[in-house]
Amino acid sequence: MRKRNYLQKLFILAILSLMFTLVLGMTALAASKTSSLRNNKWYTDKSYGNKQTVYHKIKVTKPGLISVSGYRFSTYTSYKWPMGIRLCNSRKKELDTFTKYTSGSNSSKQYYCVKKGTYYIKTNDSSYKLKYSFKAISDKSGSKQSNANNLPRNKTAQGTLLLGESPSKSDWYKIVLPAPQRISFTYGALANNNWIEFKIVSASPYIRIDNASTYRVNSTKTETTQSVFPAGVYYIQVFREGYKSACNGSYTLKWK
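Residues numbered from 1 in each chain as written. Predicted model: local features only at pLDDT ≥ 70, side-chain atom pairs only at ≥ 80, totals over all residues. Heavy atoms only, no water.

Peer 1: What is the right way to read the sheet that holds strand β13 (residues 170–177) from this model?
Peer 2: Two modes of strand pairing occur in sheets, parallel and antiparallel, and in both the strands are linked by backbone hydrogen bonds. Pairing is mixed in the open sheet, where five strands are placed in the order β11-β13-β18-β15-β16. With partners counted over all chains shown, the strands left at the sheet margins are β11 (149–150) and β16 (213–216), one partner each. In terms of strand pairing, strand β15 (residues 196–202) meets strand β18 (residues 232–240) through seven bridges, oriented antiparallel. Considered in β18, the bridge of Ile200 is made with Ile236. (Pairing = 2+ DSSP bridges. Helix = DSSP H or I, 4+ residues; strand = E, 2+ residues; numbered from the N terminus.)

Peer 1: Would you mind going over the side chain of Arg216 with me for this structure?
Peer 2: Within the secondary structure, Arg216 sits in strand β16. A distance of 3.3 Å separates a polar atom in the side chain of Arg216 from a polar atom in the side chain of Thr214. In contact with Arg216, other than residues within four places in its own chain, are Tyr187, Ala189, Trp195, Ile196, Phe198, Lys221 and Glu223. (Polar contact = N/O pair within 3.5 Å; in protein donor to acceptor, adjacent residues only side chain to side chain. Contact = heavy atoms within 4.5 Å.)

Peer 1: I'm lost on unusual backbone geometry in this one. Help?
Peer 2: A positive phi angle is found at Ser127, which is not glycine, with a value near 55°. Relative accessible area serves as the criterion here: at 4%, Ser127 is assigned to the buried category. (Buried < 20%, exposed > 50% of the residue type's maximum accessible area, 1.4 Å probe, protein only.)

Peer 1: Quick question: what am I supposed to make of the packing of aromatic side chains here?
Peer 2: By convention here, two paired aromatic rings are described through the distance between centres and the angle between planes. Tallied over the full model, the rule gives twelve aromatic pairs. Their ring planes at 35° and their centres at 6.1 Å tell us that Tyr43 and Tyr128 sit as a pair that is tilted. With Tyr43 in strand β2 (residues 43–45) and Tyr128 in strand β10 (residues 128–136), this pair connects stretches of sequence that are 85 residues apart. Both residues of the pair, Tyr43 and Tyr128, count as buried. On the basis of an interplanar angle of 80° and a centroid distance of 6.0 Å, the ring pair of Phe198 and Tyr251 is categorised as edge-to-face. Note that Phe198 is positioned in strand β15 and Tyr251 in strand β19 (residues 248–255), a separation of 53 residues in sequence. Among the residues examined, Tyr251 registers a relative accessible area of 3% and is labelled buried. (Phe/Tyr/Trp six-rings, centres within 6.5 Å; stacked < 30°, edge-to-face > 60°.)

Peer 1: Just checking my understanding: could you explain the pairing of strand β14 (residues 184–192) for this structure?
Peer 2: Consecutive side chains along a regular strand alternate between the two faces of the sheet. Where burial is concerned, most of β14 is hidden: seven out of the nine residues are buried. Where β14 lies against β19, eight bridges are found, and the strand directions are antiparallel. Looking at β19, one finds that Tyr187 is bridged to Leu253.

Peer 1: How should I be thinking about the pattern of salt bridges in this particular structure?
Peer 2: Proximity of charged atoms lets side chains of opposite charge pair with each other. All chains considered together, the criterion is met by eleven salt bridges. Residues Asp125 and Arg72 are paired through a salt bridge, measuring 3.9 Å at the closest nitrogen-oxygen approach. Placement of the pair is Asp125 in strand β9 (residues 117–125) and Arg72 in strand β4 (residues 64–74), with a sequence separation of 53 residues. Look at Asp125 and you get buried, because its relative accessible area is 9%. (Salt bridge = Lys/Arg side-chain N within 4 Å of Asp/Glu carboxyl O.)

Structure below.
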């Protein structure tokens, strides 16, 4: 009789253990979900206080720039709170070293310059709106000074420093001054995780250029050289400030 009761207790414990394991498994599965995002279309989460990890899937068909907008909202106020995001690769491995924030109040965005492929924007919030837009960018720069791409006066060059490529990578452009002049440069950048550096380099070893570099992140500015540059060939080197691997972004460059 005692043996029978003991076996019954073991059976009940086994059933309870199985139920507990199933509940834990269901909880783990419910902890995250995957949803597809469409270019320039808002995704709205209406979970109202129940935070959940969501992987928002996006597909990129060409190299280019992803711009991410988003904010948290409430039914009790019109204020838009910042929300955190992280970019992940096709295996949902995080590519960001820390959480980035989009600010709803001033419509600030986060930028990622990426290769062709599948990515996920990871969120862990409730009651929010999220959107991304994508712009394909054709980079026609030279990979080194000796094959720098010629950039004519008043023409705008577009380029990329892609996420995941070598941090030592530089883009090179060549400009030719037929006569001495001050040069007006317009530099622009939309970058993630640090500055993009633009540096003027002379083809002549006898010409010294002081304050040769300028830096941009999420801004565009025009600067004119203080000195008159002699006629000749010059180069613009574009690269990650400090060669930081986490930095990526797109840029524009023009001179006159």
